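For reference, the chains in residue letters:
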There are 2 protein chains.
Amino acid sequence: MEKITSRTNEKIKRFLKLSASSSFRREQSLYTLEGARLCFDALLSGEEFSEFYFTERAREKFTRQVDEILKNTQNCFLISEEVADKLSSTASSQGLFAIIKQRQIPLAFDTQLCYIALDGIQDPANLGALSRTAEALGVNGLILYNCCDIYNPKALRASMGAFFRLPVMFTDDLPLLLKNKAIEGMLTVAAVPDRDSEDITKLDFSSGVITVIGNEGNGVSQSVINACMKKAVIPMKGRAESLNAAAAGAIVMWEMMK
Amino acid sequence: MEKITSRTNEKIKRFLKLSASSSFRREQSLYTLEGARLCFDALLSGEEFSEFYFTERAREKFTRQVDEILKNTQNCFLISEEVADKLSSTASSQGLFAIIKQRQIPLAFDTQLCYIALDGIQDPANLGALSRTAEALGVNGLILYNCCDIYNPKALRASMGAFFRLPVMFTDDLPLLLKNKAIEGMLTVAAVPDRDSEDITKLDFSSGVITVIGNEGNGVSQSVINACMKKAVIPMKGRAESLNAAAAGAIVMWEMMK
């Protein structure tokens, strides 16, 4: 097996470019993963490894899992600690890195189930955290509209692998999608901290629903609000203008799913 | 008024040291703030400004608020854009920086009210986000045990100024505090994702309560769990082992306060 010791190796440069550039990820239909937790989670979830990089130390520490990946991956490379440090975006690298083929779990709409739409989430850590919460609470799928890239390394890290299991749909016309789903009998709700929004605890989430959570600074966009049947608010008491997107999303999904 | 144009000015070095070092902050009983939102929020909340640094551009953009701070602060310094870039921890500085005297709003226990205890939260962004959520949902105070510094710039940024308004108590013996409050008639609950924990929706939060949220990786520490009357869990459906601390905290506080 080839051992890479040069931090300027072409493969290493390509890995870093995939980590840094969402357009390059899209063009190649690939993304990068780092760390034991995410790499092994990808393996368990049946993701297809395009390349796998690991240090001697990582193989000693995680022998069983590393061998399992080696068995299933054509392009595997042993790397030096220096190269691992170069690839790593954390202070103390675990020495495990993968390039994975992009694959979303397709979202097949069921008008009796519950979905979250994210409108303009721009912080990858928020996108990841919201996805993790959605999966943990059993949300049936995630609809993404004008959001940052789910394959951003920070999004993947915060997601704790939720994207491996959570059905995802991308749309470039969320207002139209919401209107169509309303016609099919689903409830459509925009989470908006307005005085004339309904208290979220008073809404009936017992049938199919799509709830929209908006951008960190500007909230749900006006065209999306206009397309929704209802506006819902989380009642608040403090002087803070609002909860952050991840906390607001957690409470909204909790009320929707429980 | 003195204008600072050198990035190696002693005052600038001291500001950076205060931003970087929690022990230096503690020793000086000071902390740093950056940006319009936090500086003006501190002003509104009656925080005492020890020093204030601003660019010409910031004064033009925020004339009224900057003049208000200038009126109330002895040590004010005009700084060049280069110095602002040096002080800033963000990509695009707003050119406003302050050194503020440490002051917590004392937490006066009322056995009828609702409090959150944080046990070992280590990520400043999580500490800030949990505080922001606590304030927004009307939690009556925050008890901190083995947590990172609330005056860490990342914590302050994520808090959106919650620490200016939320009563805070530090304890170095949370188990003892919990036992004492239980004797006084309060409910004490540890948020623990165990199979034998009670469903959080089934708990009666109608009287005074302290709910403990644990460390990002290890959860609530065993001695704290032992000291609590109950363990509560957020029922989950996904394969993710748990929600992240900020999302779990949001749901726990929401159930406690609504």
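To keep things clear, this report deals only with the structure shown in the data block. Please read these numbers as outputs of a predicted model, since none were measured by experiment.

1. A word on the overall build of chain A
- Secondary structure assignment for chain A yields 11 helices and 12 strands.
- The dimensions of chain A, computed from C-alpha atoms along their principal axes, are 65 × 40 × 30 Å.
- Burial statistics for chain A: of 258 residues in total, 56% are counted as buried.
- Relative to all contacts within chain A whose residues are 6 or more apart in sequence, the contacts with residues 24 or more apart total 78%.
- About 11300 Å² of surface is accessible on chain A, with carbon and sulfur atoms providing 47% of the total.

2. Comments concerning the side chain of Thr211(B)
All names here are of chain B.
- With respect to the helices and strands, Thr211 occurs in strand S11 (residues 209-214).
- Residue classification places Thr211 among the buried residues on the basis of a relative accessible area of 1%.
- In contact with Thr211, not counting residues within four places along its chain, are Tyr115, Ile116, Ala117, Val189, Phe205, Val252 and Met256.

3. Some points on the relation of the copies chain B and chain A
- Each copy of the sequence occupies a distinct position, and chain B is placed on chain A by a rotation of 180° and an axial shift of 0.0 Å, giving an RMSD of 0.0 Å. Look at the turn and shift together and you get a two-fold axis relating the two.
- Of all interface residues in chain B, 100% are interface residues in chain A too; the two copies therefore contact each other through one and the same surface.

4. Focus: the sheet that holds strand S9 (residues 187-191) of chain B
All names here are of chain B.
- Spatially, S8-S7-S6-S11-S9-S12-S10 is the arrangement adopted by the seven strands of the open sheet, whose pairing is parallel. The strands lining the two open edges of the sheet, one partner per strand, are strand S8 (168-170) and strand S10 (198-199).
- In this structure, S9 lies alongside strand S12 (residues 230-233), joined through three bridges in parallel fashion. Note that in S12 the partner of Val189 across the bridge is Lys230.
- Each of strand S6 (114-119), strand S7 (142-145), S8, S9 and S11 is contacted by helix H9 (residues 174-183), which is oriented at about 155° to S11, the strand it contacts most.

5. With respect to H9(B)
Residue and element names in this part refer to chain B.
- Inspection of H9 places Leu174, Pro175, Leu177, Leu178 and Lys181 among the buried residues, and these make up the whole buried set. The buried residues of H9 all sit within an arc of 160° when viewed along its axis, so they share a single face.
- Turning to H9, the residues buried within the fold contact S6, S7, S8, S9, S11 and helix H10 (222-227).
- Capping the start of H9, Asp173 holds a side-chain oxygen 3.1 Å from the backbone nitrogen of Leu176, two or three residues further along.
- Backbone geometry just after H9 places Gly185 at a positive phi near 105°.

6. Examining the nonpolar core
- Leu33(A), Phe52(A), Leu96(A), Leu33(B), Phe52(B) and Leu96(B) are the most contacted members of the largest nonpolar core, which has 120 residues in total.
- Dropping the residues within four chain positions of it, Phe52(A) is found in contact with Val66(A), Ile69(A), Leu70(A), Thr73(A), Asn75(A), Cys76(A), Phe77(A), Leu96(A), Phe97(A) and Ala98(A).

7. A closer look at the packing of helix H3 (residues 36-44) of chain B against helix H5 (residues 63-72) of chain B
Residue and element names in this part refer to chain B.
- Remark: H3 packs on H5, axes separated minimally by 11 Å, with the N-to-C direction vectors making an angle of 50°. As summarised for this structure, H3 and H5 are arranged oblique, according to the angle between their axes. Helix-helix and strand crossings are classified by hand; for H3 and H5 the assignment is left-handed. From H3, Cys39, Phe40 and Leu43 reach across to H5, where they touch Gln65, Val66, Glu68, Ile69 and Asn72.

8. As for the state of the cysteines
Residues and elements named next belong to chain A.
- This structure, assessed with the given rule, holds zero disulfides over all chains.
- Left without a disulfide partner, Cys39 is nearest to the cysteine sulfur of Cys76, which lies 11 Å away.
- Given a relative accessible area of 9%, Cys76 falls into the buried group.

Cut-offs applied
The numbering scheme is per chain: residues are counted from 1 as the chain's sequence reads. Each chain gets a letter, beginning with A, and each ligand a number, beginning with 1, in the order they are written. Totals for whole chains, interfaces and linings use every residue, but because this is a predicted model, local features are given only for residues with pLDDT of at least 70 and side-chain atom pairs only at 80 or more, for both listing and counting. As a convention, hydrogens and water are excluded, and side-chain values are obtained from all of the structure's heavy atoms. In this text, helices come from DSSP runs of H or I with a minimum length of four residues, and strands from runs of E with a minimum of two, each type numbered from the N-terminal end. A simple rule labels every residue: compare its accessible area, found with a 1.4 Å probe on the protein chains alone, to the largest value its type can have, and call it buried under 20%, exposed over 50%, or partly exposed in between. Whether two residues are in contact is decided by their heavy atoms: any pair within 4.5 Å suffices. Residue-level accessible areas treat just the shown protein chains as cover; the underlying method is Shrake-Rupley with a 1.4 Å probe. Only residues with pLDDT of at least 70 in both copies contribute their C-alpha atoms to the least-squares superposition of the copies. In this description, strands pair whenever DSSP reports at least two bridges between them. Axes, fitted as lines to C-alpha atoms, cover a helix only where it is in contact. Angles between the N-to-C directions of the axes lie from 0 to 180 degrees. By definition, the arc is the one covered by directions from the helix axis to the C-beta atoms. We define a polar contact as two N or O atoms separated by no more than 3.5 Å, with the added condition that, inside protein, one atom must be a possible hydrogen donor and the other a possible acceptor, whereas residues neighbouring each other in sequence contribute only through side-chain atom pairs. By nonpolar core is meant a set of buried Ala, Val, Leu, Ile, Met, Phe, Trp, Tyr and Cys residues that side-chain atoms within 4.5 Å join together. Under this scheme an angle from 65 to 115 degrees is roughly perpendicular, one under 35 degrees roughly parallel, and one over 145 degrees roughly antiparallel; angles in between are oblique. It is the rotation of the near helix from the far one that decides the hand of a crossing: anticlockwise by less than a right angle makes it left-handed, clockwise makes it right-handed. Note on disulfides: each one is a pair of cysteine sulfur atoms within 2.5 Å.

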